[in-house]
Amino acid sequence: MTRVATPTESTLSGRSFLPATLDIALRCPARSDYIELRFTTSAGPWQWCFPKPQHRYADPSTATSIALACGRYGAQARLIRAGGLGPALPSSAALPLILAGARILVERQLISPILSVTPAKGPAS
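Residues numbered from 1 in each chain as written. Predicted model: local features only at pLDDT ≥ 70, side-chain atom pairs only at ≥ 80, totals over all residues. Heavy atoms only, no water.

Would you explain the nonpolar core in this entry?
Judged by nonpolar contacts, the single largest core of 22 residues is most densely connected at Phe-39, Trp-46, Ile-66, Leu-68, Ile-98, Ile-104 and Val-106. Where this core is concerned, the elements lending two or more residues are β2 (15–27), β3 (34–41), β4 (44–51), β5 (65–71), β6 (74–81), α1 (91–99) and β8 (103–107). Among the elements that take part in this core, α1 stands out by supplying four residues, more than any other. Other than its neighbours up to four places away in sequence, Val-106 contacts Ser-16, Phe-17, Leu-18, Ala-20, Thr-41, Trp-46, Leu-68 and Ile-111. Counting seven residues, the second largest nonpolar core, distinct from the first, contains Phe-17, Ala-67, Ile-80 and Leu-105. (Core = buried A, V, L, I, M, F, W, Y, C linked by side-chain atoms within 4.5 Å. Buried < 20%, exposed > 50% of the residue type's maximum accessible area, 1.4 Å probe, protein only. Helix = DSSP H or I, 4+ residues; strand = E, 2+ residues; numbered from the N terminus. Contact = heavy atoms within 4.5 Å.)

Right, here's the structure in full:
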């Protein structure tokens, strides 16, 4: 079955992406040397922890479009170039661009709905 993209979705390199809005930046609960960013998309929230960058701020004029996509070893930040996925960025380089106001797209595959857990049926008594 082929799913048709909604008007709010973008297709890059044959993959489906949703626009995301940065809601908040917090200290990562798992690692003190990381920053957690929380995003909102039309399919639900998504969060990712980024290593603290060497340089705190990026020049807002350098902000660009970034896709947060599934990579070989997990999520990765990639530049968007000429309507397609460009080169991958180190997370510590992507963070200042995101905080400076880059347009963000999150791959739909990364945003999974909360699954309801159905209790297993035990033996009949």
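It is not clear to me how the side chain of Ser-65 should be interpreted in this structure. Could you clarify?
For Ser-65, the location among the structural elements is in strand β5. Given the relative accessible area of 17%, Ser-65 is considered buried. A distance of 3.4 Å separates polar atoms of two side chains, one belonging to Ser-65 and the other to Arg-103. If we skip the residues at most four places from it in the chain, Ser-65 touches Arg-78, Leu-79, Ile-80 and Arg-103. (Polar contact = N/O pair within 3.5 Å; in protein donor to acceptor, adjacent residues only side chain to side chain.)

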